[in-house]
Amino acid sequence: MPEYEFLDVYVPRGISRKDTTRLLTDHAEYGHWELDRLTLRRDGSRRVRLRRRIIRQVRATW
């Protein structure tokens, strides 16, 4: 079963949808994050949870 690490990002209500998209795209492109959950709150702010897979290397024995 894959293991994931998570990153919670808070986006205040004054940030536009376009700027939020750019922020999340940068996280995805350069940090290899993917969207896990996005919550739009009543006050207009967004809480975003990103995830990326943890890849564990197995030590090779000779």
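For the structure, check the block above.
The structure reproduced in this document is the subject of the present report. Residue numbers restart at each chain and count upward from 1, following the sequence in its written direction. Local features in this predicted model are restricted to residues whose pLDDT is 70 or higher, and side-chain atom pairs enter the listing and the counts only when it is 80 or higher, whereas totals over whole chains, interfaces and linings include all residues. In computing side-chain values, all of the structure's heavy atoms are included and hydrogens and water are not.

**Examining the nonpolar core**
Nonpolar side chains in soluble globular proteins tend to be buried together.
Here is step 1 of the chain: Residues belong to a common nonpolar core when they are buried Ala, Val, Leu, Ile, Met, Phe, Trp, Tyr or Cys residues joined through side-chain atoms within 4.5 Å. Burial classification: accessible surface area is computed with a 1.4 Å probe over protein chains only, and a residue below 20% of its type maximum counts as buried, one above 50% as exposed, and the rest as partly exposed. Core analysis: the largest hydrophobic core is formed by six residues, namely Val9, Val11, Leu24, Trp33, Val48 and Leu50.
Here is step 2 of the chain: Looking at this core, the elements with two or more residues in it are β1 (3–11) and β3 (46–54).
Here is step 3 of the chain: Ignoring sequence-local partners within four residues, the contact set of tryptophan 33 consists of Glu5, Phe6, Leu7, His27, Ala28, Leu50, Arg51 and Arg52. Secondary structure elements follow DSSP: runs of H or I of four or more residues count as helices, runs of E of two or more count as strands, with numbering from the N terminus. In what follows, residue pairs with any heavy atoms lying within 4.5 Å of each other are defined as contacts.

**Focus: a nonpolar patch on the surface**
Here is step 1 of the chain: Residues enter patches when they are more than 30% accessible in relative terms and free of salt bridges; like-charged ones are connected within 9 Å and nonpolar ones (Val, Leu, Ile, Met, Phe, Trp, Tyr) within 5 Å. Using a 1.4 Å probe, the Shrake-Rupley method yields the accessible areas, and only the shown protein chains count as cover for residues. Definition used for salt bridges: Asp or Glu carboxyl oxygen within 4 Å of a side-chain nitrogen of Lys or Arg. A contiguous nonpolar surface patch, about 310 Å² in accessible area, is contributed by Leu35, Leu38 and Leu40.
Here is step 2 of the chain: Looking at the element boundaries, leucine 35 is found in strand β2 (residues 34–40).

**A closer look at the sheet that holds β2**
Sheets are built from strands paired through backbone hydrogen bonds, the pairs being either parallel or antiparallel.
Here is step 1 of the chain: Ordered by their spatial adjacency, three strands build an open sheet running β1-β3-β2, and the pairing between neighbours is antiparallel. In this open sheet, the two strands that pair with only one neighbour each are β1 and β2. Within the sheet, the average angular offset between the axes of one strand and its neighbour, ignoring direction, is 20 degrees.
Here is step 2 of the chain: Strand pairing follows a simple DSSP-based rule, namely that at least 2 bridges must link the two strands. Summarising the sheet, β2 and β3 pair through six bridges and their orientation is antiparallel. For glutamate 34, the partnering residue across the bridge sits in β3 and is arginine 51.
Here is step 3 of the chain: Sitting on the sheet, helix α1 (residues 17–31) touches β1 and β3, and the angle it makes with β3 is about 10 degrees. Orientation is described by lines fitted to C-alpha atoms, with helices fitted over the stretch in contact, and by angles between N-to-C directions that extend from 0 to 180 degrees.

Honestly, that's just the spatial picture; any functional story needs more than this.
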